[in-house]
Amino acid sequence: MYLTVKKEQIIEGLQKAASIIPSKAGAAYLRSIWLQAVRSPEGDRLTIMSTDVNIEFTGTYPVEIQEEGTAGVNGRAFVELLRRLPGGEISLKLDEATHILSVEQGRRSYKLPTVDPVWFQPLPPFPEEGAVLWSGDFFQDVIDRVAFCISDDDSAEGLACLYLKAGEKGNVDVCGLNGHQFAMVRFINDELARLLPENGLLIQKKYVNELRKWLGSDEVMLNISERRFHVRTGSGSETLSIPRSANFSYPDHLSFLARLDGDHTSQLDVDRRETLNALDRLLIFNNDSDRCTYFRFSPQEVELSAQGQETGSATEHLEGAFSGDLEFIAFPTRSLMDILGHFQSQSLHYVFTGAEGPCGITGSEDAQYTVILMPMKIGDAVYYTEE
């Protein structure tokens, strides 16, 4: 293998490839980035591949090839070297007798050992048939609004996954659930709805986080195979493949939403920014034994309070429109602040199903976005005792 390439053309792809390989654990070929130089009628191409067995990355970039070939090189060392080199043309030359890859730029010269190519296994190509074009930045935004509700516990099976489910009339629901919080974005995409399996698509959070880093503002192509979820840049130059969690099941999320439409609910409309600012101040008065903000309701306002044996107590009053029979409720302060930070609407609408039942939050400027939060179970004595 012998080729020349400009650093600017491959460094971003190399960094993406290096981000998924294990740093120390695993066999040497898994810690490697594989470089494959191939001539084709469309032009000379360098294909960069990496995998940690689960995640697979492939990127193809234009180069000038003097000699075709394949080399596997220590991924992190190779990428760190190229990252620290100045911009400009770089030559890569493999000595097949010594298995040494030479990296040269001007008067700079480096030699890196390579992995025996017998270990090289080409990664499967992106499945073209039935692929769907989608907005990368919209996909990333959907993940951001839902991922914080996905459980971090891998043993939680389906709850540790992002869930995509097709509904009626081309609706697609993207959900996250961790047992005490639930978030869902709903949108219409007929092609994606047809692509999704009947029982939905589950992707573990650890792979979702990698996908979120990889997505950008460009359009992407999506496809689903029996075992994997495939994403490719609109230009076709880069592909990311992650496993599906086909053996897990997911709770019926529509039953959560149905509770918000039941009888005897209480409802509140209040300014999001004013609530966030008040919670930020009340957070000062939380401690390890009491991490809550308490809400008391009247028709024209809501009273927010917090107390701690060592920190003291605080009370704030916000203007709002309340209806219903609920008198008080308590939420973990930090959790509620995190939820409100994912909304953009000026005013938020709360639906309370009871002092210990789920609370749904929506906003008029956050179309088809719903978050459900479970309140804290608090004894009556806490609400009425003053130190």
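No experiment lies behind these values; they were computed from the predicted model shown.

1. Considering empty space enclosed by the protein
Next up, step 1: Enumeration over the complete set of coordinates arrives at one cavity of 30 Å³ or more.
Next up, step 2: Space inside the largest cavity adds up to approximately 60 Å³.
Next up, step 3: Forming the walls of the largest cavity are Glu56, Phe57, Thr58, Leu123, Pro124, Pro125, Phe126, Arg228, His230, Thr239 and Ser241.
Next up, step 4: Looking at the lining of the largest cavity, the elements with two or more residues in it are strand E4 (56–62), strand E16 (228–233) and strand E17 (238–243).
Next up, step 5: The dominant element in the lining of the largest cavity, judged by the number of residues it contributes, is E4, at three residues.
Next up, step 6: Classifying every residue of the lining of the largest cavity gives five nonpolar, four polar and two charged.

2. Some remarks on the sheet that holds strand E25 (residues 366–373)
Next up, step 1: With antiparallel pairing, 12 strands are arranged side by side in an open sheet as E14-E11-E12-E13-E25-E24-E23-E18-E21-E20-E19-E22. One side of each edge strand has no neighbouring strand; the edge strands of this open sheet are strand E14 (201–204) and strand E22 (328–332). This sheet shows a mean twist of 25° between the axes of neighbouring strands, independent of strand direction.
Next up, step 2: For strand E19 (residues 292–298) and E22, the ladder comprises five bridges, and the chain directions are antiparallel. When the sheet's bridge partners are listed, phenylalanine 295 is paired in E22 with isoleucine 329.
Next up, step 3: The strands touched by helix H5 (residues 205–214) are strand E11 (161–166) and E14; relative to E14, the strand with the most contacts, the crossing angle is about 85°.
Next up, step 4: Of the strands in this sheet, strand E13 (181–188), E19, E22, strand E23 (347–352), strand E24 (359–363) and E25 are in contact with helix H8 (residues 333–340), which crosses E22 at around 80°.

3. Describing the UniProt feature "domain: DNA polymerase III beta sliding clamp C-terminal" (unreviewed entry) in the protein
Next up, step 1: Taking the UniProt record as the reference, the feature "domain: DNA polymerase III beta sliding clamp C-terminal" (unreviewed entry) is found at residues 263–376.
Next up, step 2: The annotated region residues 263–376 carries 17% helix and 50% strand content, and the separation between its end C-alpha atoms amounts to 22 Å.

4. Some remarks on the pairing of E13
Next up, step 1: Judged by how many residues are buried, E13 sits mostly within the fold: six of eight residues are covered.
Next up, step 2: Pairing of strand E12 (residues 171–177) with E13 involves seven bridges; the strand directions are antiparallel. Bridge pairing in E13 links valine 172 to phenylalanine 187.
Next up, step 3: Where E12 folds back onto E13 in an antiparallel hairpin, the turn is made up of three residues, including glycine 179, whose phi is positive at roughly 105°.
Next up, step 4: Pairing of E13 with E25, which is carried by five bridges, proceeds in the antiparallel orientation. Following the sheet pairing, phenylalanine 182 is matched in E25 by isoleucine 372.

Parameters at a glance
Residues numbered from 1 in each chain as written. Predicted model: local features only at pLDDT ≥ 70, side-chain atom pairs only at ≥ 80, totals over all residues. Heavy atoms only, no water. 1 Å grid on protein atoms, 1.4 Å probe; cavity = no way out; pocket = protein on both sides within 12 Å on 5 of 7 lines; lining within 4 Å. Points joined across faces, edges and corners; volume = space filled by probe spheres on them. Helix = DSSP H or I, 4+ residues; strand = E, 2+ residues; numbered from the N terminus. Nonpolar A, V, L, I, M, F, W, Y, C, P; charged D, E, K, R; others polar. Pairing = 2+ DSSP bridges. Axes fitted to C-alpha atoms, helices over the stretch in contact; angles between N-to-C directions. Contact = heavy atoms within 4.5 Å. UniProt positions renumbered as here; feature names shortened; annotations may be inferred. Buried < 20%, exposed > 50% of the residue type's maximum accessible area, 1.4 Å probe, protein only.

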